[in-house]
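# A look at the structure
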Amino acid sequence: MNSEIGTPTKKEERRVFILLAVFMAPILSIGLVASYGFVIWMSQLILGPPSH
């Protein structure tokens, strides 16, 4: 256990990095692209397709 409360260990830092890099970044990027696609799809349903 750390002598100072709130100071992360190397093991905790590695675990958080893996969580962010391996799991959260792909999930957030897929969610962002999917939500953007959904917004475009709904706007085309309401406003119609883009015209030239």
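A few points on the structure. (Residues numbered from 1 in each chain as written. Predicted model: local features only at pLDDT ≥ 70, side-chain atom pairs only at ≥ 80, totals over all residues. Heavy atoms only, no water.)

### Considering the packing of aromatic side chains
What counts here: Classification of ring pairs rests on two measures: the distance between centres of Phe, Tyr or Trp rings, Trp counted by its six-membered ring, which must be within 6.5 Å, and the angle between planes, read as stacked under 30 degrees, edge-to-face over 60 and tilted in between. Under the scheme used here, helices are H or I runs from DSSP no shorter than 4 residues and strands are E runs no shorter than 2 residues, and both carry numbers assigned from the N terminus. Buried, partly exposed and exposed residues are distinguished by accessible area as a fraction of the type maximum, computed with a 1.4 Å probe on protein chains only: under 20%, between the cut-offs, and over 50%, respectively.
For the structure on display, the rule yields one aromatic pair. Arranged with centres 5.9 Å apart and planes meeting at 65°, the rings of Phe 38 and Trp 41 form a pair that is edge-to-face. Separated by three residues within a single helix, Phe 38 and Trp 41 lie in helix H1 (residues 10-47), roughly one turn from each other. Given the relative accessible area of 49%, Trp 41 is considered partly exposed.

### Re H1
Formally: To estimate how far a helix should extend, the number of its residues minus one is multiplied by 1.5 Å. Note on bend: at a given residue it equals the angle between the axes fitted to the 7 residues ending there and to the 7 starting there.
Along its 38 residues, H1 runs 53 Å from first to last C-alpha, staying within 8% of the 56 Å computed at 1.5 Å per residue. At Met 24, H1 shows its maximal kink, close to 40°; a proline, Pro 26, follows between one and four residues later. Following H1 by one or two positions, Gly 48 adopts a phi angle in the positive range, close to 90°.

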